[in-house]
Amino acid sequence: MALGKNSRGEGRKLSNYCSTVSVTVLVAFCLVGIWIVMSSIVPIQNSVMQVSETIDEVKNIANESGSRQFEDSSGDIAEESTGKDSQTHKSQSESHVQNQDDQKEVEKVSDNTAEENQPEVVRDSSVEKNDLEKGPRNTNQENYQMRQVEPNTYEKEKESDRNLNSESVESETLDGQIIDDEQRGSVESFNERKSDKSINDDILGTDKIMGEVTQDEMVGETEEEKIKKNLLSKTKQSTGESNIVSHENSSVSKDVFMNGTQSEILIEASYENGTWSTQAAESQHEKDSQKSSISIVSNKYEWKLCNTTAGSEYIPCLDNWQAIRKLQSIRHYEHRERHCPDEASTCLVSLPEGYRSPFKWPKSRDMIWYNNAPHTKLVESKGHQNWVKVTGEYLTFPGGGTQFKHGALHYIEFIQKSLPNIAWGKRTRVILDVGCGVASFGGYLFEKDVLTMSFAPKDVHEAQVQFALERGIPATLGVMGSKRLPFPGSVFDLVHCARCRVPWHEEGGRLLLELNRVLRPGGYFVWSATPVYQKDPENVGIWKAMGEITKSMCWDLVVIGKDKLNGVAAAIYRKPTDNECYNRRPKIEPPMCNESDDPNTAWNISLQACMHKVPVGASERGSNWPEQWPLRLEKPPYWLNSQAGVYGRAAPVEFTADYKHWKNVLSHSYLNGMGINWSSVRNVMDMRAVYGGFAAALKSLKFNVWVMNVVPIDSPDTLPIIYERGLFGIYHDWCESFNTYPRSYDLLHADSLFSTLKERCKIVAMIAEVDRMLRPEGYLIIRDNVETIGEMESIVKSLRWDIRLTYSKREEGLLCVQKTLWRPTKVETVVSAIV
């Protein structure tokens, strides 16, 4: 019985054992079948790992009631991965580690954001290079390593920038696939919220300025929409469709950059309620059409060098010999005036042999490279007057002039002592220097916080204005001939002429009356010339004629100062501040101008031998002297109170908003976000200045630059406002060449300019002019609509310029490029410029 019992018990055990083995074998075969199916789907490199995992799983099932000898095996599958057939255990393990690291990074970003609230978009060029070398076969592990290395590399290069967020980490493969996007969703959502908060906080500051955008309008997106937009933007970046391109050492603070530009959208684009906060809102259609236009347009440009008599110093509107030869008279210096070709030039001006980057200011004031302006005529004719000397491979400037051989500073102090009321840098801020020579007078007035518009013709005194610009001193080419100067009426605080060889006394003082037009009521004319202090018959006759003319113009001869050191003297006249003298003149000569004659109309207007009445109304410009410098820079002029602004709002409101806007753009974007080496920037031109806010912001932020503010002739005439605030500028038609030598400016700034020019000018000719004015290694910043930015980008690429940054948002775009030394090899002969 016992035996029988035992036999039945063993039989049950055997049966149970067989059942267990059968189940185990069946499960094993099922798993092997699953593995066979899976092997046809998953990548080959993962198949070995999956075989190992299958065997481990079979072993675990067979031994689940026995030994745990595989307890420490790495083959255990995480619970969360069982429902994901397309992911391997290895990738899940790495993703889990990555998720933990990402979470740590989120915590780090949270801390840093709380401190600085300025997250940045950073691209590491070395990482991008590695991406290209590795190609589209990068594994998850490689991408994970890139994400870990990049922030550390950036922190070494930018120790001051600690505000990194998850967007600074490249996390996609080059074939455009997003890696671990489900796991990274919470991270991006968190950073999106932080980024939006930073933007909206700054928007509130802008709202206070503009009064147009509310915070609620900017926070209307759901978190899901933000995540989708973020993922979409990253996919576009991986396929080369990014709207932001940073080059070399340029790093852009995304949120802050948007704040810098958003107020411009509010002002320039009819106060639109949009901002440039993200890339996601950009229309795909716009980008596609932009790419298409670039690919078409870029094939059109075949640049050639200009073959002209002037060579590397070609100025199209002043070197038009075809027109100059046809002049009937040159009595009024017509041959030195503008004669632009019928067709604007599209060729590129060559570089002088041995050209080198100019010295930085203030060293440039004293010396320049000889090869950059290889002229010796002034050295030979003016060497004894300390204008300029040749010193080895340099041209040096001792600071002298015809009337101040012992230096400009002594001469400037002499004028101040002769008439203390001039008050350099306080009452007197903006002056005009006629016949400036090499502009040492204006160069040394910078020490007195005085801004000087120096001008002289392109004449036998070759390269005087070129020398001035190469030195980093404001100057432009011009002549007092048959046309009005391209400046508004009543804008200069003082006009200076140190033996400028202008025949003021001839033709009833015709040219002196032009100075009267541009001189501010109560302003001074300083004339230090031989008729003031020499007693030979010719000089005595000129002095007598000048006395009669200035008296009939109601100018008061305030003082005649004598400079014993230089052996010269200066007569200082003052323009009246009312019309009483005009009304009581016994002889009405020179006559008063017609009421219809606008003194501010100056572009291509013939000189009129008449005087304009002095404004006396409390709200009229010129009836009061501006605020003393520097208060006048940022305080709206009193006469703006009764006027509407350029954009339809009260002019004082727009004036203030424009100023704050450009300070914001400069400090948050231009200064740090474009890769511009500001230490190399001295000569700046704002090609469409409006209120002069860009130049004012540069001054207030203490940039060591000067700005030529240009008001295009087809734009609202805001140039008087620019002068009123202690800055200067000029009128110009950008369909024509500018009156300056090639390679004059270090930075050109064009805000909403080219889109309007395209309607009436050849844009290629405009860019050729930009190339002519801009120094090699100089910068061009363009702010315009997306279509124009795309076209400009294609053109500058054809010029082989370096693109520092491109950005677009809705209909607005930004482009920053740097000119290179590249010149084409083919040549185009400019017939009109051949003598």
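Residues numbered from 1 in each chain as written. Predicted model: local features only at pLDDT ≥ 70, side-chain atom pairs only at ≥ 80, totals over all residues. Heavy atoms only, no water.

### Points about the overall build of the protein chain
How we decide: Here a strand is any run of E in DSSP of at least two residues, a helix any run of H or I of at least four, and the numbering for each starts at the N terminus. Working definition: with a 1.4 Å probe on protein chains only, accessible area under 20% of the residue-type maximum means buried, over 50% means exposed, and in between means partly exposed. Residues are treated as being in contact if the distance between any of their heavy atoms lies within 4.5 Å. Using a 1.4 Å probe, accessible areas were evaluated by the Shrake-Rupley method; residue-level cover was limited to the displayed protein chains.
Within the protein chain, the regular secondary structure consists of 27 helices and 20 strands. Considering the protein chain as a whole, with its 835 residues, one finds that 55% of them fall into the buried category. Across the protein chain, the fraction of contacts at a sequence separation of at least 24, relative to all contacts at a separation of at least 6, is 72%. When the accessible area of the protein chain is evaluated, it comes to approximately 36800 Å², of which 51% is carbon and sulfur surface.

### Section: the pairing of strand 11 (residues 556-563)
Note the cut-off: Only when DSSP finds a minimum of two bridges between them are two strands counted as paired.
With 7 bridges joining them, strand 11 and strand 12 (residues 568-574) adopt antiparallel strand pairing. In the strand pairing of strand 12, Gly-561 is matched with Ala-570.

### Here's the deal with the pattern of salt bridges
So the rule is basically this: Criterion for a salt bridge: a side-chain nitrogen of Lys or Arg within 4 Å of a carboxyl oxygen of Asp or Glu.
In the structure shown here, the tally under the stated rule is 27 salt bridges. Its salt-bridge partner being Asp-449, residue Lys-699 comes within 3.2 Å of it at the nearest N-O pair. With Lys-699 in helix 23 (residues 693-700) and Asp-449 in the loop between helix 15 (440-445) and strand 7 (451-456), the pair connects residues that are 250 residues apart, well separated along the chain. Residue class for Asp-449 comes out partly exposed when judged on its relative accessible area of 28%. As a salt-bridge pair, Arg-760 and Asp-733 come within 3.0 Å of each other at their nearest N and O atoms. Of this pair, Arg-760 sits in the loop between helix 25 (754-757) and helix 26 (763-773) while Asp-733 sits in the loop between strand 15 (729-732) and strand 16 (745-751), and the two are 27 residues apart along the sequence. Residue classification places Arg-760 among the partly exposed residues on the basis of a relative accessible area of 40%.

### Side note on the side chain of Ser-832
Residue position: Ser-832 is located in the segment after strand 20 (827-829). Since its relative accessible area comes to 10%, Ser-832 is described here as buried. Residue contacts for Ser-832: discarding those within four places in its chain leaves Asp-319, Asn-320, Trp-321, Gln-322 and Pro-341.

### Observations regarding the pairing of strand 15
On strand 15, burial covers both faces: Gly-729 and Tyr-731 on one face and Ile-730 and His-732 on the other are all buried. Relative to strand 15, strand 14 (residues 706-712) runs parallel, the two being bridged by 4 bridges. Its bridge partner lying in strand 15, Val-711 is registered against Tyr-731.

### Let's talk about the sheet that holds strand 12
Operational definition: Helix axes are fitted only over the stretch in contact, all axes being lines through C-alpha atoms; the angle between N-to-C directions runs from 0 to 180 degrees.
Here we have 7 strands laid out as an open sheet, ordered 8-7-6-9-10-12-11, and mixed in their pairing. Single-partner strands in this sheet number two, and they are strand 8 (475-477) and strand 11. With strand direction ignored, the average angle separating the axes of adjacent strands in the sheet is 20 degrees. Lying over the sheet, helix 16 (residues 464-471) contacts strand 7 and strand 8, oriented at roughly 150 degrees with respect to strand 8. The sheet strands contacting helix 19 (residues 537-552) are strand 10 (519-528), strand 11 and strand 12, and the helix crosses strand 10 at an angle near 175 degrees.

### Looking at the nonpolar core
Stated formally: Side-chain atoms within 4.5 Å are what join buried Ala, Val, Leu, Ile, Met, Phe, Trp, Tyr and Cys residues into a set we call a nonpolar core.
In this structure, Leu-432, Trp-504 and Phe-525 are the most contacted members of the largest nonpolar core, which totals 125 residues. Ranked by the residues each element gives to this core, the list is headed by helix 26, at 6 residues. When residues no more than four places from it in sequence are discounted, the contact partners of Phe-525 are Val-495, Cys-497, Trp-504, Leu-512, Leu-515, Leu-519, Met-546, Trp-555, Ala-571, Ile-572 and Tyr-573. With 20 residues, the next largest nonpolar core counts Phe-404, Ile-431, Val-450 and Val-526 among its residues.

### Here's the deal with the state of the cysteines
Disulfides are covalent bonds that link the sulfur atoms of two cysteine residues. Operational definition: By convention in this document, the label disulfide applies to cysteine sulfur atom pairs within 2.5 Å.
Under the definition given, this model contains 6 disulfides. Disulfide partner of Cys-497: Cys-500, at an S-S distance of 1.8 Å. Residues Cys-497 and Cys-500 are joined through a disulfide that is left-handed, its torsion about the S-S bond being -95 degrees. With respect to burial, Cys-497 and Cys-500 carry one shared label: buried.

### Here we look at the sheet that holds strand 5 (residues 394-396)
Each strand in a sheet pairs with another by means of backbone hydrogen bonds, the pair being arranged parallel or else antiparallel. Read across the open sheet, the 3 strands follow the order 3-5-4; overall the sheet is antiparallel. Lying at the two open borders of the sheet, with one neighbouring strand each, are strand 3 (367-369) and strand 4 (389-391). Within this sheet the neighbouring strands show an average axis-to-axis angle of 30 degrees, counted without direction. As defined by bridge partners, strand 3 adjoins strand 5 across 3 bridges and the pair is classed as antiparallel. Bridging from a neighbouring strand, Met-367 pairs with Thr-396 of strand 5.

### Some thoughts on the packing of aromatic side chains
Going by this rule: Each pair of aromatic rings taken from Phe, Tyr and Trp, with Trp reduced to its six-membered ring, is defined by centres within 6.5 Å and is described as stacked if the planes are under 30 degrees apart, edge-to-face if over 60, and tilted in the remaining cases.
Enumeration over the complete set of coordinates arrives at 25 aromatic pairs. When the ring of Tyr-301 is compared with that of Trp-303, the centres are 6.0 Å apart and the planes differ by 20 degrees; the resulting orientation is stacked. Judged on exposure class, the residue Tyr-301 and its partner Trp-303 are both buried. Look at Trp-361 and Phe-446: their rings are 5.7 Å apart centre to centre, the planes differ by 65 degrees, and that puts the pair in the edge-to-face class. With Trp-361 in the loop between helix 11 (321-324) and helix 12 (363-366) and Phe-446 in the loop between helix 15 and strand 7, this pair connects stretches of sequence that are 85 residues apart. According to the relative accessible area criterion, Trp-361 is buried, its value standing at 17%. Among the residues examined, Phe-446 registers a relative accessible area of 21% and is labelled partly exposed.

### Considerations on the environment of Asn-421
Note on placement: Asn-421 falls in the loop between helix 14 (408-418) and strand 6 (430-434). Overall, the relative accessible area of 42% leaves Asn-421 in the partly exposed class. Here Asn-421 is in contact with Arg-427 and Tyr-524, once residues within four sequence places are set aside.

### A short note on helix 17 (residues 510-518)
Among the 9 residues of helix 17, 9 are classified as buried, and the element is accordingly described as predominantly covered. Taken together, the buried positions of helix 17 are Arg-510, Leu-511, Leu-512, Leu-513, Glu-514, Leu-515, Asn-516, Arg-517 and Val-518. Looking at the packing, one finds that the buried side of helix 17 touches strand 6, strand 9 (492-498), strand 10, helix 19 and helix 20 (580-583).

### Observations concerning the confidence of the model for the protein chain
The condition is simple: Confidence scores labelled pLDDT are given residue by residue by the predictor and lie between 0 and 100.
Put simply, the protein chain has an average pLDDT of 75, and 64% of its residues get 70 or more. Below pLDDT 50 for its whole length, residues 1-18 participates in 0 contacts with residues either more than four positions away or in separate chains.

### What about unusual backbone geometry?
The phi angle of most residues is negative, glycine excepted, and most peptide bonds adopt the trans form. Of note, the bond from Trp-361 into Pro-362 is cis; its omega dihedral lies within 30 degrees of zero at 10 degrees. Tracing the sequence through the fold places Pro-362 in the loop between helix 11 and helix 12. In this structure, the amide linkage connecting Glu-589 to the following residue, Pro-590, adopts the cis form with an omega of -5 degrees. Looking at where Pro-590 falls in the secondary structure, it is placed in the loop between helix 20 and helix 21 (631-634). With phi around 70 degrees, Ala-463 is a residue other than glycine that occupies positive phi space. Secondary-structure assignment places Ala-463 in the loop between strand 7 and helix 16.

### Some points on the packing of helix 22 (residues 651-670) against helix 23
So the rule is basically this: Convention used here: angles under 35 degrees read as roughly parallel, angles over 145 as roughly antiparallel, angles from 65 to 115 as roughly perpendicular, and any remaining angle as oblique. Less than a right angle of anticlockwise turn of the near helix away from the far helix marks a crossing as left-handed, whereas a clockwise turn marks it as right-handed. Residues are grouped as follows: Ala, Val, Leu, Ile, Met, Phe, Trp, Tyr, Cys and Pro are nonpolar; Asp, Glu, Lys and Arg are charged; every other residue, Gly included, is polar.
Following both chains from N to C, one finds helix 22 and helix 23 inclined at 60 degrees, their axes separated by 8 Å at the closest point. The angle between helix 22 and helix 23 places the two elements in the oblique class. Note on packing geometry: the crossing formed by helix 22 with helix 23 is right-handed. The segment helix 22 lies against helix 23, with Asp-658, Tyr-659, Trp-662, Lys-663, Leu-666 and Tyr-670 engaging Gly-693, Phe-694, Ala-696, Ala-697, Leu-698 and Ser-700. The class makeup of the residues in the contact of helix 22 with helix 23 is 8 nonpolar, 2 polar and 2 charged.

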